Amino acid sequence: MNPASDSSFQNSSPFTRSLLAPNPGPMSLDGTNSYIIAGPDARGVVIVDPGPLDESHLAALAAAGTVELVLITHRHKDHTEASVRFHELTGAPVRAADPVQCHGGEPLRAGEVIQAAGVEIRVLATPGHTSDSVCFHLPGDGPDGSVLTGDTILGRGTTVLDYPDGRLGDYLSSLDTLESLGPATLLPAHGPVLPAVDAVCREYQAHREMRLEQIREALARLGAQAGVQAVTDAVYPDVDPSVRWAAETSVAAQLDYLRG
């Protein structure tokens, strides 16, 4: 395989390409985007989120260049299931905020600056989707830089908070952090690349405030101590049964936020 000419790799920014894993679903959209980071003329590459345990997907990632480092955005298995196997294939250290997800590498530190594959990669702590969620800011990637957002921001739709591990207050603070990056290219783990992270953050913030207002109205009708299922029925009356759990999780996170 010559990865440079392999049509399954998509150019996502000047310093990145992506490879879509074969794991589509209601929560993963088209599948997990595994990213390949490399600066101009770099022989080595950094892989972000090797994804599910699929040998053909991992072989393609391993063939993208000499893998120097593997970075993980958060613990969910559609991002991490292949980590041990990919470490075995490449010998590259796997680093994540959660020590459990590290293999041959140290846990990531908030604010850490990594130099690898000819690229400066800044680690941003962005809890909310999960407590261990991080994003990777590439300030030199194009005129406005880029940011790999994992599941903190998606390319389509909105993010589910994995409550109680993920908390809405943390998530809103993380959106503020990402908005401060300005119009950096948004490289999500699911869905298409988007042109400006700050604009998407403002859309996400408006969506969260709309949902909070709907829940406030539901509580005014149902009573201040209404439970998750009753509030979900009121706020998400037409939700598909396959994702009902996600709606209930979102409601639980918002009730926790409102009730302090």
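This text follows the structure it describes.
This write-up is about the structure you can find in this document. Just so you know, these numbers come straight off a predicted model, no measurement behind them.

Cut-off values and rules
- Residues numbered from 1 in each chain as written.
- Predicted model: local features only at pLDDT ≥ 70, side-chain atom pairs only at ≥ 80, totals over all residues.
- Heavy atoms only, no water.
- Helix = DSSP H or I, 4+ residues; strand = E, 2+ residues; numbered from the N terminus.
- Rg over C-alpha atoms; globule rule 2.2 N^0.38 Å.
- Buried < 20%, exposed > 50% of the residue type's maximum accessible area, 1.4 Å probe, protein only.
- Contact = heavy atoms within 4.5 Å.
- Areas by Shrake-Rupley, 256 points an atom, 1.4 Å probe, with all protein chains shown as cover.
- Lys, Arg positive; Asp, Glu negative; His and termini not counted.
- Charge placed at Lys NZ, Arg CZ, Asp CG, Glu CD.
- Pairing = 2+ DSSP bridges.
- Right-handed = clockwise from strand over helix to strand, strands pointing away.
- Salt bridge = Lys/Arg side-chain N within 4 Å of Asp/Glu carboxyl O.
- Expected span 1.5 Å × (residues − 1).
- Axes fitted to C-alpha atoms, helices over the stretch in contact; angles between N-to-C directions.

1. Section: the overall build of the chain
Helices and strands together make up the secondary structure of the chain, namely seven helices and eleven strands. Relative to the globule expectation of 18 Å for 260 residues, the C-alpha radius of gyration of the chain, 19 Å, shows essentially globular dimensions. Overall, the C-alpha framework of the chain stretches about 60 × 35 × 35 Å when taken along its three principal axes. When each of the 260 residues of the chain is scored for burial, the buried share is 52%. In the chain, the share of contacts with a sequence separation of at least 24, taken over all contacts with a separation of at least 6, comes to 54%. Roughly 11,100 Å² of accessible area belongs to the chain as shown, and the carbon and sulfur atoms make up 52% of that amount. Side chains of the chain carry 17 positive and 33 negative charges; the gap between the two charge centres is 3 Å.

2. Digging into the pairing of strand 4 (residues 44–48)
Buried residues dominate strand 4, accounting for five of its five residues. What you see with strand 4 is no split at all: G44, V46 and V48 on one side and V45 and I47 on the other are buried throughout. The sheet contact formed by strand 3 (residues 33–37) and strand 4 spans three bridges and is antiparallel. The residue of strand 4 that forms the bridge with I37 is V46. Running through helix 1 (residues 55–62), the crossover from strand 4 to the neighbouring parallel element strand 5 (residues 66–71) is right-handed.

3. Let's talk about the pattern of salt bridges
As enumerated under the stated definition, the model contains 16 salt bridges in all. When the shortest N-O distance is used, the salt bridge between E88 and R85 registers 3.7 Å. Placement of the pair is E88 and R85 together in helix 3 (residues 83–90), with a separation of three residues, close to one helical turn. Taking the relative accessible area as the measure of exposure, E88 reaches 53% and is therefore exposed. In this structure R85 comes out as partly exposed when scored by relative accessible area, which is 28%. Between R244 and E248 there is a salt bridge, with the nearest N and O atoms lying 2.8 Å from each other. Here R244 pairs with E248, and both are found in helix 7 (residues 244–259), just four residues apart, close to one helical turn.

4. Observations concerning helix 4 (residues 168–179)
Spanning twelve residues, helix 4 covers 16 Å between terminal C-alpha atoms, matching the ideal 16 Å at 1.5 Å per step. On its buried side, helix 4 packs onto strand 8 (119–125), strand 9 (134–138), strand 10 (146–150), helix 5 (197–222) and helix 7.

5. Re the pairing of strand 3
Counting buried residues along strand 3, five of its five residues qualify, which places the element largely inside the surrounding structure. Across five bridges, the pairing between strand 2 (residues 16–20) and strand 3 is antiparallel. Looking at strand 3, one finds that T16 is bridged to I37.

6. Re the sheet that holds strand 2
With respect to topology, six strands assemble into an open sheet ordered 1-2-3-4-5-6, the strand pairing being mixed. The open sheet has two free edges, formed respectively by strand 1 (9–13) and strand 6 (94–95), since each of these has just one partner strand. In this structure, strand 5 lies alongside strand 6, joined through two bridges in parallel fashion. Looking at strand 6, one finds that L71 is bridged to R95. Across the face of the sheet, helix 1 comes into contact with strand 1, strand 2, strand 3, strand 4 and strand 5 while running at roughly 165 degrees to strand 2. This element, helix 3, spans strand 4, strand 5 and strand 6 of the sheet and lies at about 155 degrees to strand 5.

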